[in-house]
Amino acid sequence: MNLKAAGILILTVAALAVFSGCTATTGPTPPATVLTPEPITPLTTTTPITPLPAGEIARIKVDHFGMDTTTATVYEFRGKVQIRDGAYKDVQVVIRYPDSQEYSFDAGGMGGAEPVIREFALFPADRYKGTNPDKIIVLDGKRYATTYRYENGAIAWVATTDNPLNK
């Protein structure tokens, strides 16, 4: 090997040795930055409730009355109870059969300044299949008879202020 090539090699190695520490940090290594995602706020939407017509204080909207469509073994009455407005400490849906047997669903307190809807489910005895019970709405202990309405493909039982029931 000639002297010129050896000198270039020694200079190259020396330069690499001198500059090899220039890119490293002195002292402790800083901790790695951990990225945390921004919290996701779920979008809450409220379904608008169509207010009941004037004169109606409550309404039962029937979803299903008969045998459970998934099992065909349970006799049931499912739907929604809606009140017009005002606050009630206790709202109940009652079905009463001709032999005076009653089944009730206690929806609890409902109401305020806006209309409110709550789902209910009643499970009368199988012996009442094919029988049409009275549908009653109870608002804070006051019972109201209901009137059948069929509107736009939906079945409803409507309670009005002029239709109170004596117990």
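If you're wondering where the values come from, they're calculated on a predicted model, not measured in any experiment.

Visitor: Is there a simple way to explain the overall build of the chain in this structure?
Guide: Looking only at helices and strands, the chain features one helix and eight strands. Going from N to C terminus, the chain has its helices and strands arranged as α-β-β-β-β-β-β-β-β. Residues counted as buried form 28% of the 167 residues belonging to the chain. For the chain, long-range pairs separated by at least 24 residues make up 56% of all intrachain contacts whose partners lie at least 6 apart in sequence. If you sum the accessible surface of the chain, you get close to 11,500 Å²; carbon and sulfur atoms cover 58% of it.

Visitor: Where do I start with unusual backbone geometry in this structure?
Guide: Glycine aside, the phi torsion of most residues is negative, and most peptide linkages are trans. In this structure, S100 takes a positive phi of about 75° despite not being glycine. Within the secondary structure, S100 is located in the loop between strand 3 (86-96) and strand 4 (102-112). Of note in the backbone geometry, D140 takes a positive phi value of approximately 50° without being a glycine. As for its position among the elements, D140 is in the loop between strand 6 (134-139) and strand 7 (142-151).

Conventions used here
Residues numbered from 1 in each chain as written. Predicted model: local features only at pLDDT ≥ 70, side-chain atom pairs only at ≥ 80, totals over all residues. Heavy atoms only, no water. Helix = DSSP H or I, 4+ residues; strand = E, 2+ residues; numbered from the N terminus. Buried < 20%, exposed > 50% of the residue type's maximum accessible area, 1.4 Å probe, protein only. Contact = heavy atoms within 4.5 Å. Areas by Shrake-Rupley, 256 points an atom, 1.4 Å probe, with all protein chains shown as cover.

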